[in-house]
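# Fold and contact review
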4 protein chains.
Amino acid sequence: MKKQLNVGIVGTKFMGRAHSNAWLAAPKFFDTPYTPVLKAVCARDKDATAGFAENWGYIDVETDWRELIARPDIDIIDVCSPTANHKEVVLAAAAAGKHIFCEKPCALSSADAREMAQAADKAGVVHYLNHNYRRVPAIAFAKQMIDEGKLGTIYHWRGAYLQDWIMDPNFPLTWHLQKEYAGAGPHFDLNSHAVDLARYLVGEIDSVSAMMKTFVTERPLPGAGAATFTSGSDTGSAGMGEVTVDDASFMLASFENGALGSFDSSRFAGGRKNYNYFELYGSKGSLIFDLENMNALQYCNLEDPADEQGFRTIQVTNAAHPFMDAWWAPGHIIGYGNTFVHAVKDFLDAVAGKSTITPNLWDGVKIMQVLEAGQLAAKEGRTVKLSELE
Amino acid sequence: MKKQLNVGIVGTKFMGRAHSNAWLAAPKFFDTPYTPVLKAVCARDKDATAGFAENWGYIDVETDWRELIARPDIDIIDVCSPTANHKEVVLAAAAAGKHIFCEKPCALSSADAREMAQAADKAGVVHYLNHNYRRVPAIAFAKQMIDEGKLGTIYHWRGAYLQDWIMDPNFPLTWHLQKEYAGAGPHFDLNSHAVDLARYLVGEIDSVSAMMKTFVTERPLPGAGAATFTSGSDTGSAGMGEVTVDDASFMLASFENGALGSFDSSRFAGGRKNYNYFELYGSKGSLIFDLENMNALQYCNLEDPADEQGFRTIQVTNAAHPFMDAWWAPGHIIGYGNTFVHAVKDFLDAVAGKSTITPNLWDGVKIMQVLEAGQLAAKEGRTVKLSELE
Amino acid sequence: MKKQLNVGIVGTKFMGRAHSNAWLAAPKFFDTPYTPVLKAVCARDKDATAGFAENWGYIDVETDWRELIARPDIDIIDVCSPTANHKEVVLAAAAAGKHIFCEKPCALSSADAREMAQAADKAGVVHYLNHNYRRVPAIAFAKQMIDEGKLGTIYHWRGAYLQDWIMDPNFPLTWHLQKEYAGAGPHFDLNSHAVDLARYLVGEIDSVSAMMKTFVTERPLPGAGAATFTSGSDTGSAGMGEVTVDDASFMLASFENGALGSFDSSRFAGGRKNYNYFELYGSKGSLIFDLENMNALQYCNLEDPADEQGFRTIQVTNAAHPFMDAWWAPGHIIGYGNTFVHAVKDFLDAVAGKSTITPNLWDGVKIMQVLEAGQLAAKEGRTVKLSELE
Amino acid sequence: MKKQLNVGIVGTKFMGRAHSNAWLAAPKFFDTPYTPVLKAVCARDKDATAGFAENWGYIDVETDWRELIARPDIDIIDVCSPTANHKEVVLAAAAAGKHIFCEKPCALSSADAREMAQAADKAGVVHYLNHNYRRVPAIAFAKQMIDEGKLGTIYHWRGAYLQDWIMDPNFPLTWHLQKEYAGAGPHFDLNSHAVDLARYLVGEIDSVSAMMKTFVTERPLPGAGAATFTSGSDTGSAGMGEVTVDDASFMLASFENGALGSFDSSRFAGGRKNYNYFELYGSKGSLIFDLENMNALQYCNLEDPADEQGFRTIQVTNAAHPFMDAWWAPGHIIGYGNTFVHAVKDFLDAVAGKSTITPNLWDGVKIMQVLEAGQLAAKEGRTVKLSELE
């Protein structure tokens, strides 16, 4: 029987569910070095958290994350709380010598992220920042193709991350729309994913310019209880509040290797639900990815005969494709939830010392630096070099 | 705490894994009336089965399905063994009063399927035939649209189920290619799914005509151990054996309601992995579905202004879409494995008397009748009415 | 200056325009051996025909096709009149020693087509049957790939030709819906194109089975003047008439080389305007074509590495692609009208003896035989071998 | 018989052919107020120009454009010469009172364009700048939908114009790659089209930022005769020359109405031939267009029920769609060449005073200002307001 590792999770919302499922599924579908045990879950509402624990099989319930981290029987802290809370949880977890599995975005600033990364390194724990899309098989396969030289020199990254969930001007002023809680709008929430993928597939970014827009500048305050992160003075009564983040952020980037890239992110792109899309153009080949049909990867091989070239749709569902031997059969697709299972698998391998895992909190620092450079570029109307932020 | 139901599963291959995962996941993502317990797993190889049990959390291991069924502590028999074995397992399970969750295709003949259905009805147990694609949200949503009249009178079903896994003439003569074990080639394996969906979405079939081909008539005998279903005289030595099933089956169908349909199935369609595709044309609207991008449904609303009509791609990932409120967020897709979770959810509701579930073994009878009519039509070169087979 | 050839055209409707444009454009875009001269146009309505002549630059107007053919100064008869009229025009043109450029479908029966082909051969004239889709560059390129062996042994033709223009039950009973004028519905109109392409790309058909439907069996009689081909007793008054052709025809075919094919044609496929679509599956590669995006050809090369295979979209717009060096630049598409220009170019080459041209009237015979076999198969509910019709 | 207008064309390359075809075809497919007569063609090589004249039916040949313009029998000057030549031809044509049909890009600078526009206005002639894509029916239909309010407030333009024809480092240093002849690389050649469409569909641009790259900075000098626009010192001998334009230009734009846009243009996007693509997102609907499949327009109607929303593909081939009643039948596509016919049709209407035509030379001024602002932004690494360039 495999050695067990005890997981303590902070947060029970969307990510709490996705992570819990992944901890349970990973050892069933993959030959993991450990069996994770859902030891304890932590959130502020005791009754709701107890229900969550029963549903997912967590043994204990905590309502103070400090107490969770203080427990000696916890090996891994899984951080699924809102971004503004990441820093203090991660610092405490590192101090307590726990391995860290942290949701994205890393933190509200690169300075915070750096503190987190330094603390984790100092503690010698494994730390992972869950930009889960690196573990979509089609993206992992793209990375493999690039590493094998199949794209040659990369000239362009054309990324878009588009959604439409706040187009209604009556959508309330949730924490996502307030700078103090979210740091930024799609520029952090969506572009953090896109920048992570661009760094993974293309390389480091040298300089950026950007333009941002807030189309709806005032929104109704949410009702009492609807927004856990709004200030205590919100009584749920009528009233409007100021939107303090971007609704859309378009950013250009020059990469250290000479590539030219674009990052278009928006929450005002009607018809787009979770459209995380990129095109990569290299001297030997091109790739296209669309998260809404994430089992496919489009590839144009420029070494094919000229009159037979074209973008082909590879169904990334063969056993030979990354992660896919663990699942079904060719043509049987996997979903969003499965990417978390892949992350847990690789994280457990890293804890066992079988491999290292990225992105980690240092990647979080780099991503945040790019995003902050973008904010500065938009604010000052100029191209900002990343080196300015060192 | 919810009442528990004990599951005994027969079979540990592809379907054994997909079902085990589903029994575990269903109560975590859906509010099921029972918590299924993985009580016992049965397969012939004791050691391998013990490994399977440990992986998935089955408490006990059995090597004789008769003994599994004889256990009083089993409530549900989950039939994941090869088709040729379905009949005897189902008959025994029904005789023992167990609820039945049976993989497809139902049986090797409609006569067998009828015996199974009669036995299950007589025993008063819930029986379900796992044509899981009915529970792909996009297909369930298509059904809902049709029931709401959004397609009007349906004129056409154009179905294709195409794969390419045996195109290599050196692919060995596994049980799938032998009539005594598989009954037929894609005509049973793939068309059973297509006929199930056509009956679900369009209605009963009145008559069929068909043409079938076997492109590779002899194949290498598989090595020892490679094919559990080949005859005992296979020593794994060199040698060729006769393919006794179709490699491709194209069938036309006239439906009772007047619609005209086609069913093209093949294992010799290069580039197609699991291409389960259909187009539905009605007087008010048209639909297109492709399993390899199964979270999407294409819809053409013929009541849109003429110059604005076109096939739109609906991402069937909203909370309002069937089954989707249990999963992630709009635009976050699910995969093949999730459809089994939906089946378990609905099966448990049926056991609790909250609803009925289809397809069941009687649907298996109907499906097999259509397929047998297709075989007769191909053999005799004529249109065969389903009424001939009653 | 090039030698001139005088064209006399019969018919001034849709095809009269498309052909006239092509005769004018061909020598401008291609290095044709002759310059065609629009010498005379023939149709029954003198004033309308004079307007047509002025628009397109025809020198003379005729109202009796017999007189047109009798003119010694005409070299080519271009037959754009309705199908029912083809036979007598072609026979007369052949008798007069004119080269023949004939619209499709060839005739109302294979017997008529045979008479026409024999007469043309006997007269020693060049005859061409204008199934123009053979000269869509993507299809010509598909043919080239097949001839080069890039598909290997072909296993499947999956063709569909779908439209929706008569779905409204109030669409009047035009000549297209009457057997005496049109011979059949989509089975002739659309399947003649599909059968032509299947014979071109796959080979001869051995046997067929088919099912046909007429969804709307009675339709309003057209108003006076609206339908030039309805009987003289139509006074335009209210009244309903019987539809005597198929609204949809689905046909299966076994090819002489062993391939298995399907031909789904319908005028009741909502959202489809001119959806002439086929998939071709061979042992080494697969192709997909869609007329509504006719500058593209999808190709799956089965000799690509297994994990990089997929259907690629070739933009068939390079100078290296058939016919395309005459037009624009890569990525600049051509349209439906251009295919007629290609036909004229090849026809003029054939008249000059530089090459032969297909399809010709003998292909018309073969196509009609397949379609008649399909009608017989549908009527008698059985598979019909083409050899029965010899 | 219609009144005739005499056309004198300058240039016989790609555009000379496309325009000549359009002057001939327009009165045949459309009810134009005039019949254009191909009176004279002008280019420097007398023999080649004579061949061009014979092919297209031009009556006279000129080798000096000044003499062409001096002819009293010319009504329209059609400017198909290279960009660097546009200004002097247009100024002379205006001075001579000729109507002007001018290829794009307008000129090498906005100052030149302004001089041209002022001269044309002063002369009172009709002037048209041939950004022909405005007359792709799908784009004209998009404009119509926007004017009808179907997109509501527009939030985003996401444009890309991507090609791959100079990716080979051995592609020679043609005039397109030299600033003195071309002004810029894709930033002028491709972005001029994109900016024209964005202004047409969204509105005026307020400010821009941009990044540009030249991936191949030196290229082989072209052989003698291969590049008419290279300097006289090019002897065709071996040697390399400096590329003085961008290979790629990515630009962000803020529109006066608040929309945020991106313009990605490149000649280093492998697999893209003439990929002129845009997405438009508004408060009520979204549109997508792709020139390589230019008869289609994707539309997402945000007023459809939420669970039935999606991007639909409208085949813009109905008689009700702009320009399409002149061509074939629904589903029968047109090509790139046809858009020039539409331009000629509208130009003749404008000459007749039946309508005005855009874009004209003043639009050329505006487009060049945006492009110059983009160049300044890239050079200085800052956001540039258009008002700075007034």
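Keep in mind that what you see is a predicted model, and the values were worked out from it rather than measured.

What counts and what doesn't
- All residue numbers refer to positions counted from 1 along the written sequence of the respective chain.
- To read the labels, note that chains go from A and ligands from 1, taken in the order they are written.
- The predicted origin of the model limits local features to residues at a pLDDT of at least 70 and limits the giving and counting of side-chain atom pairs to 80 or more, whereas totals for whole chains, interfaces and linings rest on all residues.
- To obtain the side-chain values, all non-hydrogen atoms of the structure were included, while hydrogens and water were left out.
- DSSP calls a pair of strands paired once it identifies at least 2 bridges connecting them.
- Put simply, DSSP H or I for four residues or longer makes a helix, DSSP E for two residues or longer makes a strand, and each gets a number counted from the N terminus.
- With axes taken as lines fitted to C-alpha atoms, and helix axes fitted only over the stretch in contact, angles between N-to-C directions fall between 0 and 180 degrees.
- Superposing the copies works by least squares over the C-alpha atoms of residues that have pLDDT at least 70 in both of them.
- Contacts are assigned to residue pairs that have any heavy atoms within 4.5 Å of one another.
- Salt bridges are counted wherever a side-chain nitrogen of Lys or Arg sits within 4 Å of a carboxyl oxygen of Asp or Glu.
- The definition of a polar contact used here is a pair of N or O atoms within 3.5 Å, where within protein one atom must be able to donate a hydrogen and the other to accept one, and adjacent residues in sequence count solely through side-chain atom pairs.
- Classification convention: Asp, Glu, Lys, Arg as charged; Ala, Val, Leu, Ile, Met, Phe, Trp, Tyr, Cys, Pro as nonpolar; all other residues, Gly among them, as polar.
- By buried area we mean how much accessible surface two parts lose on assembly, using a 1.4 Å probe and totalling the loss over both.
- Exposed residues in this analysis have more than 50% of their type's maximum accessible area, buried residues have under 20%, and partly exposed residues fall in between, with area computed by a 1.4 Å probe over protein chains only.

### Describing the sheet that holds strand β2 (residues 34-42) of chain D
Residues and elements named next belong to chain D. Spatially, the 6 strands line up as an open sheet ordered β3-β2-β1-β4-β5-β6, and their pairing is parallel. What marks the edges here is a single partner per strand, and that holds for β3 (60-62) and β6 (127-130). When the angles between neighbouring strand axes are averaged without regard to direction, this sheet yields 25 degrees. In the sheet, β2 pairs with β3 via 3 bridges, with the strands oriented parallel. Across the sheet, the residue bridging to Cys 42 is Glu 62, located in β3.

### Some details on the relation of the copies chain C and chain B
Superposing chain C onto chain B requires a rotation of 180 degrees together with a translation of 0.0 Å along the rotation axis, leaving an RMSD of 0.0 Å. Here the transformation between the copies is reduced to the relation of a two-fold axis. Using C-alpha coordinates, one finds that chain C approaches the rotation axis most closely at C:Arg382, a distance of 1.9 Å. Most of the interface of chain C is mirrored in chain B, where 98% of its interface residues are also at the interface.

### Re the sheet that holds strand β2 (residues 34-42) of chain B
All names here are of chain B. Across the sheet, 6 strands lie side by side as β3-β2-β1-β4-β5-β6; this open sheet has parallel pairing. Edge positions in the sheet fall to β3 (60-62) and β6 (127-130), since each of these pairs with one other strand and no more. Going from strand to strand, the sheet's axes swing by 25 degrees on average, the running direction of each strand aside. Along the sheet face, helix α4 (residues 86-95) touches β1 (3-10), β4 (76-79) and β5 (99-103) and points at about 170 degrees away from the line of β5.

### Describing the interface of chain A and chain D
Often the size quoted for an interface is simply the accessible area lost on bringing the parts together. At the junction of the two partners, chain A supplies 50 residues and chain D supplies 50 residues. A salt bridge links A:Arg158 to D:Asp264; the shortest N-O distance between them is 2.8 Å. Scanning the region where chain A abuts chain D turns up 16 residue pairs in polar contact (both at pLDDT 80 or more). Looking at the side of chain A that touches chain D, the elements with two or more residues in it are β7 (154-162), β8 (205-213), β11 (248-255), β12 (260-266), β13 (275-282) and β14 (285-290) of chain A. Residue composition of the side of chain A that touches chain D, by class: 26 nonpolar, 17 polar and 7 charged.

### Structural notes on the interface of chain C and chain B
Taken together, the contact pairs 49 residues of chain C with 49 residues of chain B. Carbon and sulfur atoms supply 64% of the area buried between chain C and chain B, which totals about 3,500 Å² over both sides. Summed over the shared surface of chain C and chain B, the result is 4 salt bridges. Taken together, chain C and chain B are joined by 16 residue pairs in polar contact (both at pLDDT 80 or more). Within the residue set of the side of chain C that touches chain B, elements represented by two or more residues are β7 (154-162), β8 (205-213), β11 (248-255), β12 (260-266), β13 (275-282) and β14 (285-290) of chain C. For the side of chain C that touches chain B, the per-class residue count stands at 26 nonpolar, 17 polar and 6 charged.

### Description of the side chain of A:His19
Residue and element names in this part refer to chain A. Turning to its location among the elements, His 19 is positioned in helix α1 (residues 14-29). By relative accessible area, which is 1% here, His 19 ends up buried. For His 19, the contacting residues outside a window of four places in its chain are Ile 9, Asp 78, Cys 80, Phe 101, Glu 103, Asn 130 and Phe 340.

### Remarks on the pattern of salt bridges
According to the stated counting rule, one finds 112 salt bridges over all chains in the structure shown. Note that C:Arg312 and A:Asp304 form a salt bridge whose closest N and O atoms lie 3.2 Å from each other. One end of the pair, C:Arg312, is in strand β16 (residues 311-315); the other, A:Asp304, is in the loop between β15 (296-301) and β16 (311-315), on a second chain. One exposure class covers both C:Arg312 and A:Asp304, and it is buried. For B:Lys150, the salt bridge is made with D:Glu308, and the minimal N-O distance between the two is 2.2 Å. Placement of the pair is B:Lys150 in the loop between α6 (137-147) and β7 (154-162) and D:Glu308 in the loop between β15 (296-301) and β16 (311-315), with the two residues belonging to separate chains.

The quantities given are spatial measurements derived from coordinates; they are silent on function.
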